[in-house]
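# What the coordinates show
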Amino acid sequence: MKNRYIIFGILIVSWSANARAEQQVEKRVSSNHANGKVEIDIGEGSIQVIGWDKNEVEVTGTIGDRVERLDVRKGKRKVWVRAYLPKDGEAREAELVVYAPHSNDIDVQVFQGPILVSGIEGDIQLETFSGDISVSGPCKRVEAGTVNGDITVDSAKRSAGADKVRAKTVAGAIVIKNVRREVEAQSISGPVTIAGNSLTKVVAKTVSGNVRFDGGLSRLGRLEIDTHSGEFIGVFPADLSAEFDITSYNGVVDNAFNPNAGSNQDFIQGEGDPQAEVKATSFSGNIRVTKQSNGEGATAQAAAGQDKKER
Amino acid sequence: MKRCTVTEAKLGDHLDRRLSLEESQRLDRHLEECAACRGAYQRLVALRTLVDGLATSIEPQRDLWPAISARLCGAGASHSERERRRIRLAWIVLSAAAASILVALGVIELSNRPASTSGPAQNIIVDGSPALDDSLRLEVAKAEQAYVDAAGDFLAHLKSPEAALPPDTRIVLEGNLVIADRAISEIKSAWERQPSEFALARKLLAAHERRVELLQQVAHLSFATQNGG
Amino acid sequence: MHIPGEHGGENQEAGAADEYSLVICAQRGDQAAFERLYRNHVGRVFALCLRMTADRELAEELTQSSFVRIWEQLGKFKRKSSFGTWSHRVALNVVLEYMRSRARRPKHTASRGDAAIQVAKSDSPGARMDLEWAIRALPERARQVFVLYEIERLQHNEIAEMLGIAVGTSKAQLHRARQLLRELLE
């Protein structure tokens, strides 16, 4: 994990070095609302948002020499940070670190460049055309979208974790960990790795990307995986109680809960009246379901970094 | 009370951060000492705060659209009739796609029900009636066409210069479209080989959906991130 | 993503995807789509016109002209800024053109000086309403500069160019506007 942030930091630094950023900026506005929102919009560059205890928003960093101005404005419940277009309509470059009240909501849009958010407890919405997105900390809800970049969401382990995470990328890897309730992940060719316990809803859809789920579902939880040629690996608690419906038309299904049962399996696992559902379909990808070894469930994230390396 | 006329004129510049660092520091020191200037400056700050809190939007008291609409009839010569006919709003098409797909999925759902829970219609399905198979295929074909139309509109936009896709993103998009297209074609062939396997029809529509969602996402990000949403 | 007034305020947070679709559609001649864009942005355009002219009827007229101009120029909109920003700039040009043309003709309205200021002082229900009234009560040039600088966030050199005045005059008018507003609001 630590390594990933170091790499991310290097990315931001190298991005900064390549940009034509010239002007140093430092702006600060007070935030009237502890539950307010900070909206950030730049063109090319990088954004790092860090939650802090102060009730104010501070913006530091550099902006490109062709940027007309960087506006930091305060509204009733929002603070806006925006790099303004120069008159010739060229790209807006900015490399910014934004400190925001940790209880605020955050909304960031970057055309090209990475976004890193940490220590924010509110709702987080992040969009970049081309660049990695990373969220860490005890956020409430996360929505992240990129075309060409990885998405990593890791709620703080000590807190309850995010309620809901939605992540969409086209070609990047998605890694989501420590979420409390719902995860939706979508990719075309990138791998998806989800880890968490007692989740109520997990949906992952890819075309050629592999999917790995490592963790448990709540009693009424539902896991739904859909791939075309991507492989699905599910690692569940050995005492899992759920209704399985898994099919691979042209791939191999290997299910530790139901060995040697073919590539189309519809059965109930566990005692009593299980209401959790595990549904996985693939056209040509293999489906492999295994049982966690002792103690594996709580630290199911080990595989997360692995998948990224496999890309 | 002493009136500091020299600095009075500069208070506004100070507020607007137009003073040099040195001038600014000098004025800050002065403000600490001079109550009159401090008061005047605080009023300026208060005014700025009030301005920041002004409504950004004021609705006119009457609806101006009818008058504007009437004037538009005489304007707008720049929009060609050909283009107008060609226009198919992506979200309208998507709504149509959603409707067709719901119908198709409904038919597939029916076709998957076991005979034991059957009513008359389901009996027909389980019996493998050619009429119902045809109807299913027709619904799936309609849903597919709706997806293809929606994708076409997004593609047309994304290929236009105004979408301004960065070259690396364009390459990623094209590469992933190939993957999505291949998936559709593979499932289609499989369904042709096993026409009674209705689940493949569902898979086919899901693959189309992935393809449209891919294009929709790229189009959305192209708009949102380049234009401040 | 919204900046103040970007989409006519916080209550009109039309989704970017919707707006994207609407703009494309309107560019190709769809009036229904353009009406939706109008509904999303009319508040911000009208606010600009009203503050610049301090005349409700005239503001309505200029708002109409602005949207006709926006429609005519939609083909030139290359989406390098948001539609809100672009349409606002078109509206600003319409207002300024009107101001310049009027400057060459005898003025049809009396200068709104002291009488309006009295209204502002006595009729104000709250601080922000006070400010709206006070801005409208400012002398014309001071009001225009104040609105362009403080609300539209333009720089003095831009304002000077738009209004055909010297940069120094723009600064002086801003200073005057602030002084008057402080007096009005005290």
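The rules behind the values
Position labels on residues start from 1 in each chain and follow its written sequence. Chains and ligands are labelled sequentially in the order written, the chains with letters from A and the ligands with numbers from 1. In keeping with the model being predicted, local features are shown solely for residues with a pLDDT of at least 70 and side-chain atom pairs are shown and tallied solely at 80 or more, while totals for entire chains, interfaces and linings include all residues. Helix and strand definitions follow DSSP, with helices as H or I runs of at least four residues and strands as E runs of at least two, each counted in order from the N terminus. Neighbour counting defines burial: a residue surrounded by 20 or more other C-beta atoms within 10 Å of its own C-beta is buried, one with 12 or fewer is exposed, and intermediate counts give partly exposed, using backbone-placed C-beta atoms. For the purposes of this analysis, a nonpolar core is taken to be any set of buried Ala, Val, Leu, Ile, Met, Phe, Trp, Tyr and Cys residues that are connected through C-beta atoms within 7 Å. With C-beta atoms placed from the backbone, a contact is any residue pair whose C-beta atoms sit within 7 Å. DSSP bridges decide pairing: two strands pair if at least two such bridges lie between them. Axes here mean lines fitted to C-alpha atoms, for a helix over just the part in contact, with angles spanning 0 to 180 degrees between N-to-C directions. Put simply, angles under 35 degrees are roughly parallel, angles over 145 are roughly antiparallel, angles from 65 to 115 are roughly perpendicular, and the rest are oblique. The hand of a helix crossing depends on one turn: near helix anticlockwise from the far one by less than a right angle means left-handed, and clockwise means right-handed. Each residue is assigned to one of three groups, with Ala, Val, Leu, Ile, Met, Phe, Trp, Tyr, Cys and Pro labelled nonpolar, Asp, Glu, Lys and Arg labelled charged, and all others, Gly among them, labelled polar. Multiplying 1.5 Å by the residue count of a helix minus one yields the expected span of that helix. Values of pLDDT, ranging from 0 to 100, describe the predictor's confidence in every residue of the model.

Glancing now at the overall build of chain B. Check the secondary structure of chain B and you find 10 helices and 0 strands. Secondary structure of chain B in N-to-C order comes out as α-α-α-α-α-α-α-α-α-α. Within the span of chain B, comprising 229 residues, buried residues form 31% of the whole.

A few words now on the overall build of chain A. When you go through chain A residue by residue, the secondary structure sums to 2 helices and 23 strands. Counting every position in chain A, which comprises 311 residues, the buried fraction comes to 55%.

Core analysis: the largest hydrophobic core is formed by 109 residues, its most contacted members being Ile47(A), Val98(A), Val117(A), Val153(A), Ile176(A), Ile194(A) and Leu204(B). The dominant element in this core, judged by the number of residues it contributes, is helix 10 (residues 198-227) of chain B, at 13 residues. Dropping the residues within four chain positions of it, Leu204(B) is found in contact with Val140(B), Ile184(B), Ile187(B), Lys188(B) and Trp191(B). In this structure, Cys25(C), Leu138(C), Leu148(C) and Leu174(C) belong to the second largest nonpolar core, which totals 52 residues.

Residues and elements named next belong to chain A. Locating Thr200 in the fold gives a position in strand 16 (residues 192-205). Looking at Thr200, the number of C-beta atoms within 10 Å reads 18, which means it is partly exposed. Linking Thr200 and Asp163, residues 37 residues apart in sequence, is a C-alpha distance of 9.9 Å. Once residues within four sequence positions are removed from consideration, Thr200 is found in contact with Arg181, Glu182, Ser218, Leu220 and Gly221.

Attention now goes to the pairing of strand 2 (residues 37-52) of chain A. Residues and elements named next belong to chain A. Within strand 2, 14 of the 16 residues are buried, which leaves the element mostly enclosed by the surrounding structure. Note: strand 2 against strand 5 (residues 78-83), 5 bridges, orientation parallel. Paired with Lys37 across the bridge in strand 5 is Lys78. Pairing analysis gives 7 bridges linking strand 2 to strand 7 (residues 105-112), with the strands arranged parallel. Pairing of Val38 across the sheet is with Ile106, part of strand 7. Strand direction decides the pairing type here: strand 2 and strand 6 (residues 93-101), joined by 9 bridges, are parallel. Paired with Glu44 across the strands is Glu93, a residue of strand 6.

Okay, the pairing of strand 22 (residues 277-282) of chain A next. Residue and element names in this part refer to chain A. The pairing of strand 17 (residues 211-227) with strand 22 spans 6 bridges and is parallel. Note that in strand 22 the partner of Leu223 across the bridge is Val278. Where strand 19 (residues 242-248) meets strand 22, 6 bridges bridge the pair, whose relative direction is parallel. By the bridge assignment for strand 22, Phe244 is matched with Val278.

Helix-helix packing is characterised by the crossing angle of the two axes and by the distance between the axes. As a packed pair, helix 4 (residues 65-72) of chain B and helix 3 (residues 56-73) of chain C sit with axes 9 Å apart at the nearest point and diverge in direction by 40°. Classed by the angle they form, the pair helix 4 of chain B and helix 3 of chain C counts as oblique. In this structure, the crossing between helix 4 of chain B and helix 3 of chain C has a hand that is right-handed. Between helix 4 of chain B, through Ala67(B), Ile68(B), Arg71(B) and Leu72(B), and helix 3 of chain C, the contact on the second element is made entirely by Gln64(C), Phe67(C), Val68(C) and Trp71(C). Of the residues belonging to the contact of helix 4 of chain B with helix 3 of chain C, the class tally is 6 nonpolar, 1 polar and 1 charged.

So, about helix 2 (residues 31-53) of chain C. For an α-helix, the turn length of 3.6 residues means that residues three or four places apart are oriented alike. Residue and element names in this part refer to chain C. Across its 23 residues, helix 2 extends only 28 Å between first and last C-alpha, which sits more than 12% below the 33 Å expected from 1.5 Å per residue. By the criterion of burial, helix 2 is predominantly enclosed, with 18 of the 23 residues buried. Backbone geometry just downstream of helix 2 places Ala54 in the positive-phi region, at approximately 55°.

Turning our eyes to something else, we now look at the environment of Glu61(C). All names here are of chain C. Note on placement: Glu61 falls in helix 3. For Glu61, a count of 16 C-beta atoms within 10 Å corresponds to the partly exposed category. Between the C-alpha atoms of Glu61 and Cys49, which are 12 residues apart in sequence, the distance is 9.0 Å.

Quick look at the packing of helix 3 (residues 35-52) of chain B against helix 9 (residues 167-185) of chain C now. For the pair helix 3 of chain B and helix 9 of chain C, interaxial distance at closest approach is 10 Å and the crossing angle is 90°. It follows that helix 3 of chain B is roughly perpendicular to helix 9 of chain C by the angle criterion. Residues Arg43(B), Leu44(B) and Leu47(B) of helix 3 of chain B touch helix 9 of chain C, and the partners they reach there are Arg178(C), Leu181(C) and Arg182(C). Grouping the amino acids of the contact of helix 3 of chain B with helix 9 of chain C by side-chain chemistry returns 3 nonpolar, no polar and 3 charged.

All names here are of chain A. In the predicted model, chain A carries a mean pLDDT of 81, and 80% of its residues have values of at least 70. Here helix 2 (residues 302-310) stands out as the least confident element of chain A, with mean pLDDT 41; strand 18 (residues 232-236) is the most confident, with 95. Taken as a whole, residues 10-21 scores under 50 in pLDDT and shows 26 contacts with residues more than four places along the chain or in a different chain. Scored below 50 in pLDDT, residues 297-311 makes 30 contacts in the model with residues more than four places away or belonging to other chains.

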